[in-house]
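Okay, here's what each chain looks like letter by letter:
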Amino acid sequence: MQKRNATVAVIGAGDYIGAEIVKKFAAEGFTVFAGRRDGAKLEPLVREIEASGGSIVARTLDARKEDEVAAFLNDADKHAPLEVCIFNVGANVNFPILETTDRVFRKVWEMACWAGFLAGREATRLMVPRGAGNIFFTGATASLRGGSGFAAFASAKFGLRAVAQSMARELGPKNIHVAHLIIDSGVDTAWVRQRREQLWGKEALDNPDLLMPPASVAASYWQLYQQPRSAWTFELEIRPFGEKW
């Protein structure tokens with residue numbers, strides 16, 4: 001592993017996609033700053049990264065709090081120049097419209113849209129003076145299409161996409177690559193498997209080609225990072241080959 005004098009910040013380093021992103025960039029020699037609401041849950045990931053010779057700094061982080069996001073990214077940048085910031089907070093909930101309380105709607109927006117704005121803005125503060133950097137956002141099918149029961153989630157994801165698009169147009173000429181990754185598929189996680197089984201029965205899990213491995217998502221982020229600035233992608237849609245769309 002070739003060590004790099006650079007950091008990658010992953011905001012929303014959950015057990016599946018976030019953890020795989022952390023592992024991929026750590027394996028490529030970056031020091032990865034990983035943040036999630038319950039930092040104690042990062043301990044197994046820290047042990048795995050360190051056992052493989054990688055470098056990781058794990059933190060408890062509430063991505064909705066401006067001071068915490070700024071401190072997290074500033075600490076990453078002090079360790080080594082912040083080269084990549086990835087916003088991967090979830091907030092996927094499903095409620096019928098009459099059961100969507102104002103608290104639920106506001107909380108989902110704070111987690112999936114407001115927090116993304118904070119992460120993007122604070123990463124921009126650090127990258128603009130150097131004239132280089134990468135800021136990537138995790139989107140979903142709901143970024144483009146509001147489904148039944150997803151009023152809160154889709155509105156937040158629509159908003160996050162708009163934030164990312166505006167940033168990409170503003171920051172591209174400053175040599176900062178902003179990209180939005182739309183995951184148009186169920187990701188192979190325990191929660192998704194349980195939900196599919198509840199909705200459609202155990203046979204819904206028979207076809208492995210309809211669920212996307214988290215490592216495949218991480219590989220797509222790595223591909224975005226490797227793109228030359230002469231051919232940057234703003235929006236990348238990914239789905240398994242068996243997915244109908």
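Calculation notes
Residues numbered from 1 in each chain as written. Predicted model: local features only at pLDDT ≥ 70, side-chain atom pairs only at ≥ 80, totals over all residues. Heavy atoms only, no water. Core = buried A, V, L, I, M, F, W, Y, C linked by side-chain atoms within 4.5 Å. Buried < 20%, exposed > 50% of the residue type's maximum accessible area, 1.4 Å probe, protein only. Helix = DSSP H or I, 4+ residues; strand = E, 2+ residues; numbered from the N terminus. Contact = heavy atoms within 4.5 Å. Salt bridge = Lys/Arg side-chain N within 4 Å of Asp/Glu carboxyl O. Pairing = 2+ DSSP bridges. Axes fitted to C-alpha atoms, helices over the stretch in contact; angles between N-to-C directions. Arc of directions from axis to C-beta. Expected span 1.5 Å × (residues − 1). Right-handed = clockwise from strand over helix to strand, strands pointing away.

## Things to note about the nonpolar core
Here is step 1 of the chain: Membership of the largest hydrophobic core comes to 37 residues, with the highest contact counts inside it found for Ile11, Leu73, Leu82, Phe87, Ile135, Phe137 and Val178.
Here is step 2 of the chain: Those elements giving two or more residues to this core turn out to be β1 (7-11), α3 (66-79), β4 (82-87), α4 (102-127), β5 (133-140), α5 (151-171) and β6 (176-183).
Here is step 3 of the chain: At eleven residues, the largest contribution of residues to this core is made by α4.
Here is step 4 of the chain: Ignoring any residue separated from it by four or fewer positions in sequence, one finds Val178 in contact with Ile135, Phe137, Ala164, Met167, Ala168, Leu171, Thr233 and Phe234.
Here is step 5 of the chain: Grouped together as the second largest cluster of nonpolar side chains are 32 residues, Phe25, Ala218, Leu224 and Ile238 included.

## Re the pattern of salt bridges
Here is step 1 of the chain: Taken as a whole and assessed by the stated rule, the structure comprises 15 salt bridges.
Here is step 2 of the chain: We note a salt bridge from Arg59 to Asp75, for which the minimum N-O separation is 3.0 Å. You can see Arg59 sitting in strand β3 (residues 55-60) and its partner Asp75 sitting in helix α3, a full 16 residues away along the chain.
Here is step 3 of the chain: When its relative accessible area of 30% is taken as the criterion, Arg59 is described as partly exposed.
Here is step 4 of the chain: The structure contains a network of salt bridges with shared partners spanning Glu66, Arg121, Glu122 and Arg125.

## Concerning the sheet that holds β4
Here is step 1 of the chain: Spatial ordering of the open sheet is given by β3-β2-β1-β4-β5-β6-β9, a layout of seven strands whose pairing is parallel. Strand pairing shows two members of the sheet lacking a second neighbour, β3 and β9 (235-238), which therefore form its edges. On average, each strand axis in the sheet is inclined to that of its neighbour by 15°, with strand direction left out of account.
Here is step 2 of the chain: The sheet contact formed by β6 and β9 spans four bridges and is parallel.

## Things to note about helix α2 (residues 43-51)
Here is step 1 of the chain: Listed as buried for α2 are Leu45, Val46 and Ile49. Down the axis of α2, the buried set is contained in an arc of 100°. They therefore lie on one face. In α2, those exposed residues whose orientation departs by more than 90 degrees from the buried face are Arg47 and Ala51.
Here is step 2 of the chain: The inward-facing, buried residues of α2 abut α1 (17-27) and β3.
Here is step 3 of the chain: Gly53 lies just past α2 and shows a positive phi near 90°.

## Digging into helix α7 (residues 214-226)
Here is step 1 of the chain: With 13 residues, α7 should reach 18 Å at 1.5 Å per residue; the first-to-last C-alpha distance of 19 Å fits that figure.
Here is step 2 of the chain: When we look at burial in α7, the residues that qualify are Pro214, Val217, Ala218, Ser220, Tyr221, Trp222, Leu224 and Tyr225.

## Description of the pairing of β4
Here is step 1 of the chain: Most of β4 is tucked away, with five of its six residues classed as buried.
Here is step 2 of the chain: As defined by bridge partners, β1 adjoins β4 across five bridges and the pair is classed as parallel. Within the sheet, the bridge partner assigned to Ala9 lies in β4 and is Cys85.
Here is step 3 of the chain: Note that β4 and β5 share four bridges and pair parallel. Across the sheet, Val84 pairs through a bridge with Asn134, a residue of β5.
Here is step 4 of the chain: Once the chain exits β4 it traverses α4 before rejoining the sheet at β5, and the crossover so formed is right-handed.

## Here we look at unusual backbone geometry
Here is step 1 of the chain: The backbone of Ala91 sits at a positive phi, close to 80°, despite the residue not being glycine.
Here is step 2 of the chain: For Ala91, the location among the structural elements is in the loop between β4 and α4.
Here is step 3 of the chain: One non-glycine residue, Asn175, adopts positive backbone phi at about 70°.
Here is step 4 of the chain: Topologically, Asn175 is positioned in the loop between α5 and β6.
Here is step 5 of the chain: Relative accessible area serves as the criterion here: at 23%, Asn175 is assigned to the partly exposed category.

## Here's the deal with the environment of Phe25
Here is step 1 of the chain: Relative to the elements of secondary structure, Phe25 occurs in helix α1.
Here is step 2 of the chain: Look at Phe25 and you get buried, because its relative accessible area is 0%.
Here is step 3 of the chain: Spatially, the C-alpha atoms of Phe25 and Leu73 are 16 Å apart, while their sequence positions differ by 48 residues.
Here is step 4 of the chain: Other than its neighbours up to four places away in sequence, Phe25 contacts Val8, Phe30, Val32, Val84, Ile86, Tyr221, Trp222 and Tyr225.

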